Amino acid sequence: MAHSDRKPVCLLLPGTDGTGYFSTRFAAALSPHLETRILSYPANEAMDYARLCEYLLPDVPADRNYILIAESFSGPLAILLAGMASHPPDVLILTATFAVKPWPRMAPLLRLCLFLTGRVKVPAWVIAIMLLSQKTKFMAKDILSSLQTIDPNVLRTRLNAVLDCDVRPQLAALDMPIMYIRGRRDRLIPKKCADDMTAINRHITVVEVDAPHFVLQDDPSHLVSDVIWPFIHATFSYPCGRRL
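Residues numbered from 1 in each chain as written. Predicted model: local features only at pLDDT ≥ 70, side-chain atom pairs only at ≥ 80, totals over all residues. Heavy atoms only, no water.

## Looking at the packing of helix α5 (residues 124-131) against helix α6 (residues 140-148)
- Their axes nearest at 8 Å, the elements α5 and α6 cross at an angle of 110 degrees. Between α5 and α6, the crossing angle belongs to the class labelled roughly perpendicular. In this structure, α5 uses A124, I127, A128 and L131 to contact α6, whose residues at the interface are A140, K141, I143 and L144.
- Here the residues of the contact of α5 with α6 are counted per class, giving seven nonpolar, no polar and one charged. (Axes fitted to C-alpha atoms, helices over the stretch in contact; angles between N-to-C directions. Helix = DSSP H or I, 4+ residues; strand = E, 2+ residues; numbered from the N terminus. Parallel < 35°, antiparallel > 145°, perpendicular 65-115°, else oblique. Contact = heavy atoms within 4.5 Å. Nonpolar A, V, L, I, M, F, W, Y, C, P; charged D, E, K, R; others polar.)

Following this line, the structure appears as structure tokens:
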């Protein structure tokens, strides 16, 4: 671990939109416990996971303890960062994500749709059903608007990165405490993705919560106080860690 008198910092990696806009409520819930930074991705430059990893490496602290939290699209990116950083995270938290392409049978059809359109063209109500709960369905139009503002080539590259994803070797090599948070009502990422990851790395603790795919946005205060903060605090209270 890094030798620093400062408290750990938490880095949040956003979803497909790459802006971090939908992470703000979760960051606010976490901020009483930790300094929290929301990272973002270039809006007009097409980057796959490998290039995004290179882009974000300078943002990874080299002189203090840190926690890495990633949702959905950013899960594989967090796994790559954790393996490549000269100072790896002390805790890795992954939500509603995957280590290998989550829809292998549908990949050819999805790739064809991306080639033909390059944009997300679905009604807001479909976004609400697939990603949100009753209490967060108001976010559907904002999510759709955010995706539609992404440069088509950027969006195509990010979604192709998902369809080509396989970071299982990198996941297997990680040896820090890892938590995988899965929403029981997640209609986008199959439960098999969590099962596959726990079969690859014995350090993963899976926690299921009553939430949709947008786990971090559904009830951030409850998630932080009852799930995430206890896991982080316990990790830093181990004899080999630094007590917060």
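Next, the rest of the story.
## A closer look at the nonpolar core
- Residues L13, Y49, L77, L92 and L94 are the most contacted members of the largest nonpolar core, which totals 40 residues.
- Going through the elements one at a time, β1 (9-13), α2 (49-56), β3 (66-71), α3 (75-84), β4 (91-95), α7 (152-164), β5 (178-183) and α9 (191-200) are the ones with two or more residues in this core.
- Here this core takes six residues from α3, the largest share from any one element.
- Those residues within four positions of L92 in sequence are excluded, and the remaining contacts are L68, A78, A82, L174, M176, P177, I178 and M179.
- Core analysis: the second largest hydrophobic core is formed by 26 residues, I93, V209, A211 and I232 among them. (Core = buried A, V, L, I, M, F, W, Y, C linked by side-chain atoms within 4.5 Å. Buried < 20%, exposed > 50% of the residue type's maximum accessible area, 1.4 Å probe, protein only.)

## Notes on empty space enclosed by the protein
- The final tally for this structure, using the stated rule, is one cavity of 30 Å³ or more.
- What lines the largest cavity is F98, A99, V100, R168, C193, D196, M197 and I200.
- No other element matches the four residues that α9 contributes to the lining of the largest cavity.
- Considering only residue class, the lining of the largest cavity consists of six nonpolar, no polar and two charged. (1 Å grid on protein atoms, 1.4 Å probe; cavity = no way out; pocket = protein on both sides within 12 Å on 5 of 7 lines; lining within 4 Å. Points joined across faces, edges and corners; volume = space filled by probe spheres on them.)

## Quick notes on the sheet that holds β1
- In space, the six strands of this open sheet follow the order β2-β1-β3-β4-β5-β6, with parallel pairing throughout. Each of the sheet's edge strands pairs with one partner strand only, and the pair in question is β2 (35-38) and β6 (204-209). Averaged over all pairs of adjacent strands, the angle between their axes in this sheet comes to 20 degrees, without regard to strand direction.
- Together, β1, β3 and β4 form the strand contacts of α3, whose direction differs from that of β3 by roughly 155 degrees.
- On top of the sheet, helix α11 (residues 220-236) reaches β3, β4, β5 and β6; it is set at about 170 degrees to β5, its chief contact. (Pairing = 2+ DSSP bridges.)

## Observations concerning unusual backbone geometry
- At S72, a position not held by glycine, the phi torsion is positive, near 50 degrees.
- The residue S72 is located in the loop between β3 and α3 in this model.
- For S72, a relative accessible area of 13% corresponds to the buried category.
- Even without being glycine, A96 reaches a positive phi, approximately 50 degrees.
- Here A96 is to be found in the loop between β4 and α4 (107-116).

This is a description of form; function is not addressed.
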